[in-house]
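Report on the structure
Listed below are the residues making up each chain.
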Amino acid sequence: MSAPRIFVFGMGYTARAFARAMDGRAASFAGTMRADFEAANFADATHIVVSIPPGEADPVLARYRDALLAAPALQWIGYLSSVAVYGNYGGAWVTERTTPHPKQARSTERLAAEKAWAKFALDRSIPLATFRIAGIYGPGRNAFVNLAEGKAHRIVKPGQVFNRIHVGDIAAALVEAVDRNAAGIFNLADDEPAPPQDVVAYAAEMMGVIPPPEAPFAGADLSPMARSFYADNKRVSNRRMKEELGIALRYPTYRDGLAALWRNGNWRGET
């Protein structure tokens, strides 16, 4: 198979990691930032990745649906979504076959965008891979940074767990999906859903600093956005990612990921 020509809508944190992972594997790699979204040139792209969050509608489909339908070389689309679309399952395990029932407005919009892209892929008769991604961390975005900036909290809500995933593991999964023209829904998550306060405590121990005190969720001083993250509680299975994309996580738990960031000295930002 010839090397793919990749175009990304939304060259943000995750997409930049994907670009680094594809270095030398793609015939071309381009994408949009906010300033040039209205002038995107994807006419020659074989593989398109959408990394822009939706509003009331998906902005890429709203602006470029007809052009994408007509793009002559297009073979595959990847859509970056979120595990938030599942909603609250009371700490139970969810898989790609679990019925989503989001309650938060932004999660409802994500699910609507997933469905819109599924319809587009059907109309265009090309494979679509939808990636439901857990909490993203990596260089510049991690508990060490939050501790160093005085923004870390240890909010305790009994039974609450979250999955996470290192941005390097996301990038590796996207590379494999492009190589395989993978289709379907894939949860991108680590092996160990864990309470958020444990992550902060582990990072503080590695840094040799005193962690912030634990605070009960009920009385915590949180913004409405931050509080909304605690409304959903679930454990996310990554089995399909491993079996169908052949992914062996480099950072299977938050401990592996944080230890590598600290050891490599790149926790402050991308290098």
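If you're wondering where the values come from, they're calculated on a predicted model, not measured in any experiment.

**Brief notes about the overall build of the protein chain**
Looking only at helices and strands, one finds nine helices and twelve strands in the protein chain. Here the C-alpha atoms of the protein chain give a radius of gyration of 19 Å, agreeing with the 18 Å that 2.2 N^0.38 yields for 271 residues. Judged by the C-alpha coordinates and their principal axes, the protein chain covers about 55 × 40 × 40 Å. Buried positions account for 49% of the 271 residues belonging to the protein chain. Expressed as a percentage of contacts within the protein chain between residues at least 6 apart in sequence, the contacts between residues at least 24 apart total 81%. Summing over all exposed atoms, the protein chain offers an accessible surface of approximately 12800 Å²; the carbon and sulfur share of this is 53%. Computing the positive centroid from 31 side-chain charges and the negative centroid from 27, the protein chain places the two 2 Å apart.

**Quick notes on the nonpolar core**
Counting 32 residues, the largest nonpolar core has Phe18, Phe131, Leu188 and Leu245 as its most contacted members. When residues of this core are traced back to their parent elements, those giving at least two are strand 1 (5-9), helix 1 (13-21), strand 4 (76-82), strand 6 (128-133), helix 5 (167-180), strand 10 (184-188) and helix 8 (239-245). Listed in part, the 23 residues of the second largest apolar core include Phe42, Val50, Ala71 and Ile77.

**So, the pairing of strand 4**
When you tally the buried positions in strand 4, you get seven out of seven residues, the bulk of the element. With burial as the criterion, each face of strand 4 is covered, one bearing Trp76, Gly78, Leu80 and Ser82 and the other bearing Ile77, Tyr79 and Ser81. With four bridges connecting them, strand 3 (residues 47-50) and strand 4 associate as parallel partners. Bridge pairing in strand 4 places isoleucine 48 opposite isoleucine 77. Read as a crossover between parallel neighbours, the route from strand 3 over helix 2 (residues 59-70) to strand 4 is right-handed. Relative to strand 6, strand 4 runs parallel, the two being bridged by six bridges. Looking at the pairing, serine 81 lines up with arginine 132 of strand 6.

**Observations regarding the side chain of aspartate 232**
Along the chain, the position of aspartate 232 falls in the loop between helix 7 (224-229) and strand 12 (235-236). The side chain of aspartate 232 sits in the buried core without any salt bridge; lysine 234 is the nearest counter-charge, 4.2 Å away. Beyond its immediate chain neighbours, meaning those up to four positions away, aspartate 232 contacts Ala84, Gly87, Asn88, Gln160 and Phe162.

**Here we look at the packing of helix 1 against helix 5**
Where helix 1 meets helix 5, the closest approach of the two axes is 8 Å, and the angle between their N-to-C directions is 60°. Classified by the interaxial angle, the pair formed by helix 1 and helix 5 is oblique. Between helix 1 and helix 5 lies a crossing whose hand is right-handed. Taken together, the residues of helix 5 that come into contact with helix 1 (itself represented by Tyr13, Thr14, Ala17, Phe18 and Ala21) are Val167, Ile170, Ala171, Leu174, Val175 and Val178. Here the residues of the contact of helix 1 with helix 5 are counted per class, giving ten nonpolar, one polar and no charged.

**What about the pattern of salt bridges?**
Per the stated rule, a full pass over the model turns up twelve salt bridges. For aspartate 123, the salt bridge is made with lysine 119, and the minimal N-O distance between the two is 3.0 Å. Taken together, the residues span about one helical turn, with aspartate 123 and lysine 119 both in helix 3 (residues 105-124) at a distance of four residues. Note that arginine 180 and glutamate 176 form a salt bridge whose closest N and O atoms lie 3.3 Å from each other. Of this pair, arginine 180 and glutamate 176 both sit in helix 5, four residues apart, roughly one helical turn. Arginine 180 sits in the partly exposed class, given a relative accessible area of 44%. Each of Arg65, Lys119 and Asp123 takes part in a single network of salt bridges with overlapping partners.

Parameters at a glance
Residues numbered from 1 in each chain as written. Predicted model: local features only at pLDDT ≥ 70, side-chain atom pairs only at ≥ 80, totals over all residues. Heavy atoms only, no water. Helix = DSSP H or I, 4+ residues; strand = E, 2+ residues; numbered from the N terminus. Rg over C-alpha atoms; globule rule 2.2 N^0.38 Å. Buried < 20%, exposed > 50% of the residue type's maximum accessible area, 1.4 Å probe, protein only. Contact = heavy atoms within 4.5 Å. Areas by Shrake-Rupley, 256 points an atom, 1.4 Å probe, with all protein chains shown as cover. Lys, Arg positive; Asp, Glu negative; His and termini not counted. Charge placed at Lys NZ, Arg CZ, Asp CG, Glu CD. Core = buried A, V, L, I, M, F, W, Y, C linked by side-chain atoms within 4.5 Å. Pairing = 2+ DSSP bridges. Right-handed = clockwise from strand over helix to strand, strands pointing away. Salt bridge = Lys/Arg side-chain N within 4 Å of Asp/Glu carboxyl O. Axes fitted to C-alpha atoms, helices over the stretch in contact; angles between N-to-C directions. Parallel < 35°, antiparallel > 145°, perpendicular 65-115°, else oblique. Left-handed = near helix turned anticlockwise from the far one by under 90°. Nonpolar A, V, L, I, M, F, W, Y, C, P; charged D, E, K, R; others polar.

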